[in-house]
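A look at the structure
The lines below spell out each chain.
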Amino acid sequence: MDETTLPLTELLATDLDDGFTELVRTQAGTVRAVLLRLSGSARDADDLGQETFLRAYSALRGYPPERRGQLQPRAWLLTIAANVWRNHVRTLSRRPGVADGIEVTTIEIPDGCPGPEQLALDGARRARLVAALSRLPDHHRLPVVLRHIGELSYQEVAGILDCPVGTVKAQVSRGLAALRAEPGLAADRGTHGAAGATGPAPGGTTARTAHEPARTERKEATG
């Protein structure tokens, strides 16, 4: 967006269709990254991402302009995405014999300078991360992914999960400890530093660590 373009929330308030187009453009990558790490399946991440934005547009149409202008877009969208994923998990749990959906071969490897050997190593590390995340219980996986892949503050995650900030910090800490205990991830961390425990977000963006100051913004519930 150039200097003459309205901020996203103001655009949502004044022109819903244009604002929603910009919302998808700026936030779709983050929504997909979170859903990919939660589901472990690129196909599911795409399907759940589409459902997330359909629900978001439906909700926005029912909001008055003032409410649309006060949204915190990323946290608001990830609230919807988290609810969509949890509904998906509940649906799967009612279907006996359904596979876990982990598709480590579909994790995208960004184009760049590394040669085939390095790309193979990066793909293997990413596959190990996805597999390790899939073994975390949901009450640890979701806060870890929202915090380190969604890059939300502890306060924002607490708002999404409807629990105290201290609970979120404990859940994230335990989830990361479980990931660090994974033999494959421990080896990666030894080579690439502590950030290997959570891994980079798709597209090469490095997730924030748990030691960075939490933002004070409070997300709005979806309604």
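Parameters and conventions
- Residues numbered from 1 in each chain as written.
- Predicted model: local features only at pLDDT ≥ 70, side-chain atom pairs only at ≥ 80, totals over all residues.
- Heavy atoms only, no water.
- Helix = DSSP H or I, 4+ residues; strand = E, 2+ residues; numbered from the N terminus.
- Buried < 20%, exposed > 50% of the residue type's maximum accessible area, 1.4 Å probe, protein only.
- Contact = heavy atoms within 4.5 Å.
- Areas by Shrake-Rupley, 256 points an atom, 1.4 Å probe, with all protein chains shown as cover.
- Axes fitted to C-alpha atoms, helices over the stretch in contact; angles between N-to-C directions.
- Left-handed = near helix turned anticlockwise from the far one by under 90°.
- Nonpolar A, V, L, I, M, F, W, Y, C, P; charged D, E, K, R; others polar.
- Core = buried A, V, L, I, M, F, W, Y, C linked by side-chain atoms within 4.5 Å.
- Salt bridge = Lys/Arg side-chain N within 4 Å of Asp/Glu carboxyl O.
- pLDDT = per-residue confidence, 0-100.

Focus on the overall build of the chain
Scanning the chain for helices and strands turns up 10 helices and 0 strands. When each of the 223 residues of the chain is scored for burial, the buried share is 44%. For the chain, the proportion of contacts with a sequence separation of at least 24, taken over those separated by at least 6, is 71%. Accessible surface computed for the chain: about 11300 Å², of which carbon and sulfur atoms make up 53%.

Some details on the environment of E156
With respect to the helices, strands and loops of the structure, E156 is situated in helix α8 (residues 154–161). When the C-alpha positions of E156 and W76 are compared, they lie 9.3 Å apart, and in sequence the two are 80 residues distant.

Thoughts on the packing of helix α2 (residues 16–39) against helix α3 (residues 42–62)
Look at α2 against α3: their axes get within 9 Å of each other, and the N-to-C directions meet at 145°. For α2 against α3, the interelement crossing comes out right-handed. For the pair α2 and α3, contact is made by L16, D17, F20, L23, V24, Q27, A28, V31, R32, L35, L36 and S39 and by A42, D44, A45, D46, L48, G49, T52, F53, A56, Y57, L60 and R61, respectively. Residue composition of the contact of α2 with α3, grouped by class: 15 nonpolar, 4 polar and 5 charged.

Some thoughts on the nonpolar core
Grouped together as the largest cluster of nonpolar side chains are 48 residues, with contacts concentrated most on L60, W76, L78 and L146. Elements supplying a minimum of two residues to this core: α1 (8–14), α2, α3, α5 (73–93), α6 (116–135), α7 (138–148), α8 and α9 (165–180). Every residue in contact with L78, bar those within four places of it in the chain, is listed here: T30, V31, V34, L146, G150, L152 and I160.

Overview of the pattern of salt bridges
In this structure the tally under the stated criterion is 6 salt bridges. Across the pair R25 and E22 runs a salt bridge, and its minimum N-O distance is 2.5 Å. In this pair, R25 and E22 both sit in helix α2, 3 residues apart, roughly one turn of the helix. On the basis of relative accessibility, which here comes to 54%, the residue R25 falls in the exposed class.

What to know about unusual backbone geometry
The phi angle of most residues is negative, glycine excepted, and most peptide bonds adopt the trans form. At E151, a position not held by glycine, the phi torsion is positive, near 55°. Assignment of secondary structure puts E151 in the loop between α7 and α8. Using a relative accessible area of 17% as the deciding quantity, one classes E151 as buried.

Quick look at the environment of T30
One can find T30 in helix α2. Remark: the alpha-carbon pair of T30 and G150, spanning 120 residues in sequence, is separated by 6.2 Å. Dropping the residues within four chain positions of it, T30 is found in contact with R74, L78 and G150.

What to know about the side chain of Q171
Tracing the backbone shows Q171 in helix α9. Look at Q171 and you get buried, because its relative accessible area is 14%.

Points about the confidence of the model for the chain
Averaged over every residue, the pLDDT of the chain is 76; residues scoring 70 or more account for 67%. Element-level mean pLDDT values for the chain span from 60 in helix α10 (residues 183–192) up to 96 in α3. Contacts for the low-pLDDT stretch residues 97–120, under 50 throughout, to residues beyond four places or in other chains number 27 contacts.

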